[in-house]
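Here are the chains, one letter per residue:
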Amino acid sequence: MLRRLAVSCSILRILPCLIRGGVLVLLAACATPSRRIAPPLVVVNEDFDPQRLDDDDFLLKPPAGAETTRVDQSDAPVPSFVNVDGFRVQIAVVTSPDRAATVKDEAAAILGATVYVYRDPDTGLYKIQAGDGRAAAQVEALRRRAKSHGYPEAFIVRTRIELPRAAVYGPEPVVGFRVQVFAASNRAAAESEMANVRDTLGQDDIYIESEPPYFKVRIGNFRTREAAERFTERLQTYGYDTPFVVRTHIETSTEQTTDN
């Protein structure tokens, strides 16, 4: 009996300590951060080469500082011919490309005109057509000639035609030289002087160029400055004291060029 009483007293003495210790353990457990699960390790394949991909949508950017070649189209040749809406004379329709080539060569020799072969994508037939006209009236004479030279079914068709670029857009401007002899602020004075120059020199390559506020009388179509300067010496013999060479657009046909 005395032993049980002693044990009970011992428990009562240590009970406060147990309670305080339990509270501390509980607080420590609450204060400890929860453990996070690390994400799975991603293994990178360093042998990957995007150049081996067959996907056309995959774009490769050039590395920084890499030089890229730029195409300069400023010196690209201007096409000599252009395609526009117009008219031709259709002289035959055949089923064979070989036959079409034969008819084309024969017609070109007989008609003295440019002949084309056009394959109709809808029917697969080969149409032989001659001439190039911006208006139907421009190929009417060719149609009559074709009918009288073995192509009785010849008729005019509307189609795309091929013309020299200059015939559609005019000649390309060419930079050259002229000699200026007069300038005035009104056009009437410039036109009067142009008539005087024409009578004096006996030539027609005389122009009035407007550069506001002046109208300037200039002479010639010289491709080189040297030729224009030689011409100024000639002008001085006619009493023009201060002619001078200017760089401008000129006309370049054989009749109009004055490089001599």
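Each remark here, short or long, concerns the structure printed above.
Below is a short write-up of the structure. Predicted model only: the values in this text are computed from it and were never measured.

1. A closer look at the sheet that holds strand β5 (residues 174–184)
Then, in step 1: Ordered by their spatial adjacency, four strands build an open sheet running β6-β7-β5-β8, and the pairing between neighbours is antiparallel. Of all strands in the sheet, those bounded by a partner on one side alone are β6 (206–211) and β8 (244–250). Each strand of the sheet is rotated relative to its neighbour by a mean of 45°, with strand direction disregarded.
Then, in step 2: Bridging between β5 and strand β7 (residues 214–222) involves six bridges; their strand directions are antiparallel. Following the sheet pairing, Q180 is matched in β7 by R218.
Then, in step 3: Across the face of the sheet, helix α5 (residues 187–201) comes into contact with β5, β6 and β7 while running at roughly 155° to β6.
Then, in step 4: Helix-sheet contacts for helix α6 (residues 225–236) involve β5, β7 and β8, and the interaxial angle to β5 is about 25°.

2. Regarding the packing of aromatic side chains
Then, in step 1: Scanning the model with the defined rule gives one aromatic pair in all.
Then, in step 2: Look at F222 and F231: their rings are 5.5 Å apart centre to centre, the planes differ by 45°, and that puts the pair in the tilted class.
Then, in step 3: Here F231 falls in the buried class, since its relative accessible area comes to 8%.
Then, in step 4: When the ring centre of Y207 is taken as origin, the NZ or CZ atom of R178, which lies over that ring, is 3.7 Å away.

3. Considerations on α6
Then, in step 1: Taking 1.5 Å of rise per residue, twelve residues should cover 16 Å, and α6 covers 17 Å from first to last C-alpha, within 8% of that figure.
Then, in step 2: On its buried face, α6 is in contact with β5, α5, β7 and β8.

4. Some details on the environment of D105
Then, in step 1: Its place among the elements puts D105 in helix α2 (residues 97–111).
Then, in step 2: For the pair D105 and V115, spaced ten residues apart in sequence, the C-alpha separation works out to 7.8 Å.

5. Let's talk about the environment of P164
Then, in step 1: Structurally, the position occupied by P164 is in strand β4 (residues 155–164).
Then, in step 2: For the pair P164 and N83, spaced 81 residues apart in the sequence, the C-alpha separation amounts to 8.9 Å.
Then, in step 3: If we ignore the near neighbours within four places in the chain, the residues touching P164 are S80 and F81.

Thresholds applied
- Residues numbered from 1 in each chain as written.
- Predicted model: local features only at pLDDT ≥ 70, side-chain atom pairs only at ≥ 80, totals over all residues.
- Heavy atoms only, no water.
- Pairing = 2+ DSSP bridges.
- Helix = DSSP H or I, 4+ residues; strand = E, 2+ residues; numbered from the N terminus.
- Axes fitted to C-alpha atoms, helices over the stretch in contact; angles between N-to-C directions.
- Contact = heavy atoms within 4.5 Å.
- Phe/Tyr/Trp six-rings, centres within 6.5 Å; stacked < 30°, edge-to-face > 60°.
- Buried < 20%, exposed > 50% of the residue type's maximum accessible area, 1.4 Å probe, protein only.
- Lys NZ or Arg CZ within 6 Å of the ring centre and 35° of its normal.
- Expected span 1.5 Å × (residues − 1).

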